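# Structure assessment
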Amino acid sequence: IDGMVHVSDLSWDNPECEKILNSYKKKDKVSVKILEINIEKERISLGIKHLKDDPFKEFITQHPIKSTISGKISSIDEKGLKIILDKNFIGFIKKSNLAKNKLEQKVDRFAVDELIDSMIISYDEKSRKINLSIKDIEIDEEQKVLHKYGSSDSGASLGDILGNALNKKKSD
């Protein structure tokens with residue numbers, strides 16, 4: 001019986017697949033998992049990476065959407081920031097998600113190798129991309145302050161609420 005392991009089914013880390021493929025020799029014994037059996041075409045699809053849990057899915061479980069995560073800026077371009085996260089996963093912060101205030105949505109405020117906190121806003125499991133936002137952290141923190149010291153329904157701005165809270169603290 002012949003089966004085939006596609007190069008993309010060698011490792012969860014796609015750049016490593018080519019290296020792994022070149023390390024195998026004819027007659028090597030390998031452990032595989034059967035992924036699909038196609039009776040009409042008489043094919044069996046096999047996978048090696050499937051013998052281990054997908055580290056990306058583990059990452060998603062440990063870091064659900066809306067969780068805050070720290071990472072190091074690896075590159076900056078006019079579209080946003082590329083961030084290296086835990087286990088060398090890559091996250092991206094779009095320029096529009098750099099700050100709540102549009103005037104602060106500038107990539108030149110940041111530097112390569114700078115450590116920053118951001119909030120996970122979405123995942124793309126197929127492309128294994130993680131979308132991040134600093135703006136969402138600011139919004140989340142503002143909502144917590146509004147909840148604690150007042151509400152936006154009262155007509156007061158965050159500045160009014162914080163100003164009143166700070167003035168009370170100074171007079172005590």
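First, a word on what this report is: a plain description of the structure on this page. (Residues numbered from 1 in each chain as written. Predicted model: local features only at pLDDT ≥ 70, side-chain atom pairs only at ≥ 80, totals over all residues. Heavy atoms only, no water.)

So, on to unusual backbone geometry. With a phi angle near 55°, Lys87 is a residue other than glycine that sits in the positive phi range. In this structure, Lys87 sits in the loop between strand S5 (80-84) and strand S6 (90-94). Its identity is not glycine, yet Arg128 carries a phi of approximately 60°, on the positive side. One can find Arg128 in the loop between strand S7 (115-124) and strand S8 (129-133). (Helix = DSSP H or I, 4+ residues; strand = E, 2+ residues; numbered from the N terminus.)

Taken together, Tyr24, Val30 and Val32 make up a surface patch of nonpolar side chains, about 220 Å² in accessible area. Of note, Tyr24 is situated in the loop between helix H1 (14-23) and strand S2 (33-38). Of the residues examined, Tyr24 reaches a relative accessible area of 32% and is grouped as partly exposed. (Patch = residues over 30% accessible without salt bridge, like charges linked within 9 Å, V, L, I, M, F, W, Y side chains within 5 Å. Areas by Shrake-Rupley, 256 points an atom, 1.4 Å probe, with all protein chains shown as cover. Salt bridge = Lys/Arg side-chain N within 4 Å of Asp/Glu carboxyl O. Buried < 20%, exposed > 50% of the residue type's maximum accessible area, 1.4 Å probe, protein only.)

Counting residues in each nonpolar core, the largest one holds 19 residues, and the members touching the most others are Phe59, Leu81, Ile83, Ile93, Ile116, Ile130 and Leu132. Broken down by secondary-structure element, the contributors of at least two residues to this core are helix H2 (55-62), strand S4 (68-77), S5, S7 and S8. Each residue touching Ile130, except ones within four places of it in the same chain, is listed here: Phe56, Phe59, Leu85, Phe89, Ile90, Gly91, Phe92, Ile120, Ser122 and Tyr123. (Core = buried A, V, L, I, M, F, W, Y, C linked by side-chain atoms within 4.5 Å. Contact = heavy atoms within 4.5 Å.)

Summary: where empty space remains is shown by rolling a probe the size of a single water molecule over the atoms. The computed volume of the largest pocket comes to approximately 540 Å³. In this structure, the largest pocket is lined by 17 residues; those nearest its centre are Asp13, Asn88, Phe89, Ile90 and Arg128. Of the residues that constitute the lining of the largest pocket, the class distribution is 7 nonpolar, 5 polar and 5 charged. Empty space within the second largest pocket amounts to approximately 230 Å³. (1 Å grid on protein atoms, 1.4 Å probe; cavity = no way out; pocket = protein on both sides within 12 Å on 5 of 7 lines; lining within 4 Å. Points joined across faces, edges and corners; volume = space filled by probe spheres on them. Nonpolar A, V, L, I, M, F, W, Y, C, P; charged D, E, K, R; others polar.)

Let us now look at the packing of aromatic side chains. Here the structure, examined in full by the defined rule, presents 3 aromatic pairs. When the ring of Phe59 is compared with that of Phe89, the centres are 5.1 Å apart and the planes differ by 50°; the resulting orientation is tilted. With Phe59 in helix H2 and Phe89 in the loop between S5 and S6, this pair connects stretches of sequence that are 30 residues apart. Each member of the pair, Phe59 as well as Phe89, is classed as buried. Three or more aromatic residues joined by ring pairs form one cluster here, namely Phe56, Phe59, Phe89 and Tyr123. (Phe/Tyr/Trp six-rings, centres within 6.5 Å; stacked < 30°, edge-to-face > 60°.)

Just distances and angles here, no functional claims.
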